[in-house]
Each structure stands twice: as structure tokens, then as C-alpha cells.
Amino acid sequence: MRPLTEEETKSVFLKLSEYIGKNVEHLINRSDERYCFRLIKDRVYYISESLMKASTCISRDYLLHAGTCLGKFTKSGKFRLHITALDYLAQHALYKVWVKTSAEMSFLYGSHITKNGLARMTENTPQYAGVVVYSMSTDTPLGFGVAAQSTEHSQQLDPTGNVVLHQADVGEYLRGLEDDIF
């Protein structure tokens, strides 16, 4: 487990700022305890300093995870967010999208959100902004994606046009488990 380099920190903060903007500062400056970002085998973890200090007694070979996995660095050096970051993205999201009950399962199976499935959208959402997708019935976060259209353009879109491009959803837990079992 090691601290992120300056370049790695920059790419992590840029990716997080697509979804939560300047609220990235709230992830670091918390009132309850100090938190930091650490790298373990190309994965970035968000971990409290007390847990980090306690985990230093475990050797690198045996330490698999510590804290919450926010994402990982690809072989080309790009940072990708994982679904495990959804709790933090949902708390500080700038732009939100609510899907109809009929479109929830489609999104949870990895499909994009069309205008038919869109219930409502945060006003003034720009095109290609990071959005958190919520269920209309229970108001729980289902995943996150990228706005394919701005709020104004999505109102004039035909019913089968994509409004949100799928990035990750909570159904990945089950699909990943299913791949491991079978």
C-alpha cells in the first residue's frame, strides 16, 4: 500500500470531479476523521488514516483490500471508477437522473437510459457530464453514467434516443458473482 503519485492523484481527482465537482474537497476534509487515498495493486482505495495505520502491520503480499475501492488504473494509465464508489458519488453528486420503474431492470442489466425510461433529470445538466442514476420509486442510487444529451436537448429527443450512457450499476455485483461461480 502506497500513497498516490502526483500524476495519479490528478487523474483520480479529475475523474471524481466529473461526477461531484468541487465536492472532492469534502472527501478529504471530513469532520469525523481524516481520510486518504492509497494504491494497492493498481486499485485506488479511500481509507481512514486510523485504518491505514492499523493495516501497516500486514505485509504487502497478504494485504488484499483496505477501505473502499474507488476504482483502478488501466494498463494505459487511465483511471476507471468502480461501482463501489457509488456511495460517495451519490452523497456529493452535482447532476442526478431518475429512471422510471419500467426502465430500472434495463439499466441494471447494463443498457443505456433512453428518453422513454427517463423520469426526471437535474436542470442544466450539460452534455457529457457525469450523472448518478436513481430509482424513481425508492430514490436509491442504482449506478452512474454520462449524460449523452443536455437537459434542453433531451426534452426534444425522440423516445428511443439515449439520454444517459451506462458506466456502472449495482447489478455488476451479481453479474460479477455469476461469472465467478459459473
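Residues numbered from 1 in each chain as written. Predicted model: local features only at pLDDT ≥ 70, side-chain atom pairs only at ≥ 80, totals over all residues. Heavy atoms only, no water.

1. Details of the pairing of strand β11 (residues 162-169)
What counts is decided by this rule: At least two DSSP bridges between two strands are required for those strands to pair. Helical segments are the DSSP runs of H or I of at least four residues, strand segments are the runs of E of at least two, and each set is numbered from the N terminus.
Note: strand β7 (residues 113-114) against β11, two bridges, orientation antiparallel. Looking at the pairing, I113 lines up with V164 of β11. Relative to β11, strand β10 (residues 141-147) runs antiparallel, the two sharing five bridges. The residue of β11 that forms the bridge with G143 is D169.

2. With respect to the UniProt feature "domain: PUA" (unreviewed entry) in the protein chain
Just so we agree on the cut-off: UniProt positions are given in the numbering used here, feature names are shortened, and annotations may be inferred rather than shown by experiment.
Per the UniProt entry, the sites bearing "domain: PUA" (unreviewed entry) are residues 95-171 in this numbering. Across residues 95-171, helical content stands at 17% and strand content at 40%; the span's end C-alpha atoms are separated by 21 Å.

3. Some words on the nonpolar core
Put simply, the rule reads: Residues belong to a common nonpolar core when they are buried Ala, Val, Leu, Ile, Met, Phe, Trp, Tyr or Cys residues joined through side-chain atoms within 4.5 Å. Three labels apply to residues, based on accessible area from a 1.4 Å probe with only protein chains included: buried if under 20% of the type maximum, exposed if over 50%, partly exposed otherwise in between. Residue ranges labeled as domains rest on an automatic or database domain assignment. Two residues form a contact once any of their heavy atoms are found within 4.5 Å.
Within the largest apolar cluster, 29 residues are counted, with the highest numbers of intra-cluster contacts made by L16, V44, L70, L81, L89 and F144. Summarising the domain contributions, this core has at least three residues from each of domain 1 (2-89) and domain 2 (93-174). Leave out the neighbours within four places in its chain, and L70 touches L16, F37, V44, Y46, F79, R80, L81, H82, T84, A85 and Y88. If you look at the next biggest cluster of nonpolar residues, it comprises 14 residues, including M121, V131, A147 and V163.

4. Re a positive patch on the surface
Under the convention used in this document: Each patch is assembled from residues with relative accessible area greater than 30% and no salt bridge, linking like charges that lie within 9 Å and nonpolar side chains (Val, Leu, Ile, Met, Phe, Trp, Tyr) that lie within 5 Å. Note on areas: Shrake-Rupley with a 1.4 Å probe; residue coverage comes only from the protein chains shown. By definition here, a salt bridge exists when the distance from a side-chain nitrogen of Lys or Arg to a carboxyl oxygen of Asp or Glu is within 4 Å. When charges are counted, Lys and Arg are positive and Asp and Glu negative, with His and the chain ends excluded. Charged groups are reduced to one reference atom each: NZ for lysine, CZ for arginine, CG for aspartic acid, CD for glutamic acid.
Positive charge collects at one region of the surface, where K72, K75, K78 and R80 lie side by side. Mapped onto the secondary structure, K72 falls in strand β4 (residues 68-73).

5. Quick look at the domain arrangement of the protein chain
Heads up, the condition is: By definition, the buried area sums, over both parts, the 1.4 Å-probe accessible area that each loses when the two are put together. Counted as a polar contact is a pair of N or O atoms within 3.5 Å, where, for protein atoms, one must be capable of donating a hydrogen and the other of accepting one, and residues adjacent in sequence contribute only when both atoms are in side chains.
As far as domains go, the protein chain holds domain 1 (2-89) and domain 2 (93-174). If you average the C-alpha positions of domain 1 and of domain 2, the two centres end up 26 Å apart. Facing 11 residues of domain 1, the contacting portion of domain 2 comprises 18 residues. When residues of domain 1 are sorted by the area they lose upon contact with domain 2, Y19, I83 and L86 head the list and together hold 61% of the total. There are zero salt bridges connecting domain 1 and domain 2. The interface formed by domain 1 and domain 2 includes three residue pairs in polar contact (both at pLDDT 80 or more). For the side of domain 1 that touches domain 2, the secondary structure elements donating two or more residues are α1 (6-20) and α4 (86-92). By residue number, the principal contributor to the side of domain 1 that touches domain 2 is α1, which donates three residues.

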